[in-house]
Amino acid sequence: MSDKPTNQHWLALIIGNSRLHWGWFIEDNLQKTWDTSYLPESIVEKLIHTSFDFADCQLAPFILPKAPELWIASVVPKQTALWQTYSHARTIAPHQISLQNAYSTLGLDRTLAIWGAADLYKSPVLVIDSGTALTFTGADKQRKFIGGAILPGLQLQFRALHQATAALPLIETETLKDLPSRWATGTIAAIQSGIIHSIVSTIRDFIEDWQQQFPNSALVLTGGDSALLHHYLEQRFPEMSSRITVEPNLLFLGVRSVKKVLNV
């Protein structure tokens, strides 16, 4: 490949459980983010061959400079291998993130999120990631991993209830606006009430327990459903919600933090 990577701009590629998440940086400044589905191997090869000419492949909503450095953070090994043939790719491994006390199978996405949050908002910090799974990840003032929890996320709970039953409909989260009435009088409303109120109450319960240990902790909510869940928290627990920072780009900022630590 004749193109040389530029020093000013670079790409972060977060390979999630169902999609590819892209972030374009100029130096330390995040410019744009966008998502794509998993790409066929032929398209990946074309992107790599053209030094990431997204316009040619119609995969980005704007024109990007070519030949970027590509920083990969992945939770899907098979997908990772497709992108590592790019000569300017760097793959972030968990051992490169100095999160003390982290267990060996702690997900890279959770590690990046807590590292980025501590870099941005200082620690102690509790990160609540509302993606496919709803996760809680906490670190103390010394950035030592304290612990956390994993449960099905908002959309996954709706899908699971639909797929595991014969009669219950699938509810799309795009249709959900405000916090539903707790005492529903119809099937769809009852599903909404049960799932949404249980998730909101779970978030409150974890936050309250965390703050008993770390009363001055930063609280950061991220993930695809972060804005919606924060809206529900504002309606149900307004005082608590006012102390939560919503940062949808936290994983990208975690990649940036690791890149800075590695001094490249």
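Keep in mind that what you see is a predicted model, and the values were worked out from it rather than measured.

Attention now goes to the overall build of the chain. Along the chain, the regular secondary structure elements total 9 helices and 10 strands. Against the globule reference of 18 Å for 264 residues, the chain gives a C-alpha radius of gyration of 20 Å, in line with a compact fold. When the backbone C-alpha atoms are referred to their principal axes, the chain occupies close to 65 × 45 × 30 Å. In the chain, buried positions account for 47% of the 264 residues. Accessible area of the chain: about 13100 Å², with a carbon and sulfur share of 51%.

Quick look at the pairing of strand β8 (residues 145-152) now. The pairing of strand β7 (residues 133-139) with β8 spans 7 bridges and is antiparallel. Directly across from Phe136, in β8, lies its bridge partner Ala149. Connecting the antiparallel pair β7 and β8 is a turn made up of 5 residues, with Arg143 showing a positive phi of about 60°.

Time to look at the sheet that holds strand β5 (residues 89-91). Reading across the sheet, the 5 strands line up as β3-β2-β1-β4-β5 and stay open at both edges, with mixed pairing between neighbours. A strand with exactly one partner marks an edge of an open sheet, and here the two such strands are β3 (29-36) and β5. Averaged over all adjacent pairs, the angle separating strand axes in this sheet is 20°, with direction ignored.

Another point: the pattern of salt bridges. With the rule as written, the count across this model stands at 4 salt bridges. In this structure, the salt-bridge partner of Arg19 is Asp35, at a minimum N-O distance of 3.2 Å. Here the residue Arg19 occupies a position in the loop between β1 (9-15) and β2 (20-26), and Asp35 occupies one in strand β3, the gap between them amounting to 16 residues. With a closest N to O distance of 2.7 Å, Arg243 and Glu239 form a salt bridge.

Parameters at a glance
- Residues numbered from 1 in each chain as written.
- Predicted model: local features only at pLDDT ≥ 70, side-chain atom pairs only at ≥ 80, totals over all residues.
- Heavy atoms only, no water.
- Helix = DSSP H or I, 4+ residues; strand = E, 2+ residues; numbered from the N terminus.
- Rg over C-alpha atoms; globule rule 2.2 N^0.38 Å.
- Buried < 20%, exposed > 50% of the residue type's maximum accessible area, 1.4 Å probe, protein only.
- Areas by Shrake-Rupley, 256 points an atom, 1.4 Å probe, with all protein chains shown as cover.
- Pairing = 2+ DSSP bridges.
- Axes fitted to C-alpha atoms, helices over the stretch in contact; angles between N-to-C directions.
- Salt bridge = Lys/Arg side-chain N within 4 Å of Asp/Glu carboxyl O.

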